[in-house]
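Next come the chains, spelled out residue by residue.
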Amino acid sequence: MNRKTVTRLAFAAIVAPALAFGAPAAAMADSFFAAGMSEAGPHGASQAGVIAGATSGHGGDHEDGHKDGHEGGKGGSFYIKKWNEAGPHGASEGGVVSAAG
């Protein structure tokens, strides 16, 4: 596999999960963070990504004065980290998922 193909695959491996998990989380979360990186060279390729979000869970008033139905709700947070690497001596992958609510 040439370098351009490996770079494209590594980039897609970060972008697809970020879009799948990131868009809904960003719409619901009070705060959201996503970052990723990929690299390829003559000795192998690697990629890593992090997605995290948190919400306070507090309800709010609408302009007309009624509550939005989330009053007294609990907040929560999540954290996802994933990495892959491959080189001349093998390949590995790993990940961490953590959530609290």
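Residues numbered from 1 in each chain as written. Predicted model: local features only at pLDDT ≥ 70, side-chain atom pairs only at ≥ 80, totals over all residues. Heavy atoms only, no water.

Caption draft 1: Just the pairing of strand 3 (residues 76-87), in detail. Direction of pairing for strand 2 (residues 44-55) relative to strand 3: antiparallel, over a ladder of 11 bridges. When the sheet's bridge partners are listed, Ala 52 is paired in strand 3 with Tyr 79. Pairing of strand 3 with strand 4 (residues 90-100), which is carried by 11 bridges, proceeds in the antiparallel orientation. Paired with Ala 86 across the bridge in strand 4 is Ala 91. As consecutive antiparallel partners, strand 3 and strand 4 are separated by 2 residues. (Pairing = 2+ DSSP bridges. Helix = DSSP H or I, 4+ residues; strand = E, 2+ residues; numbered from the N terminus.)

Caption draft 2: The arrangement of the sheet that holds strand 3 in detail. Pairing in this open sheet of 4 strands is antiparallel, and the strands run 1-2-3-4 from one edge to the other. Each end of this open sheet is capped by a strand with a single partner; those strands are strand 1 (31-41) and strand 4. In this sheet, neighbouring strand axes are inclined to one another by 0° on average, regardless of whether the strands run parallel or antiparallel. Here strand 1 pairs with strand 2 via 11 bridges, running antiparallel. Note that in strand 2 the partner of Ala 35 across the bridge is Val 50. (Axes fitted to C-alpha atoms, helices over the stretch in contact; angles between N-to-C directions.)

Worth remembering: the numbers are spatial, not functional.
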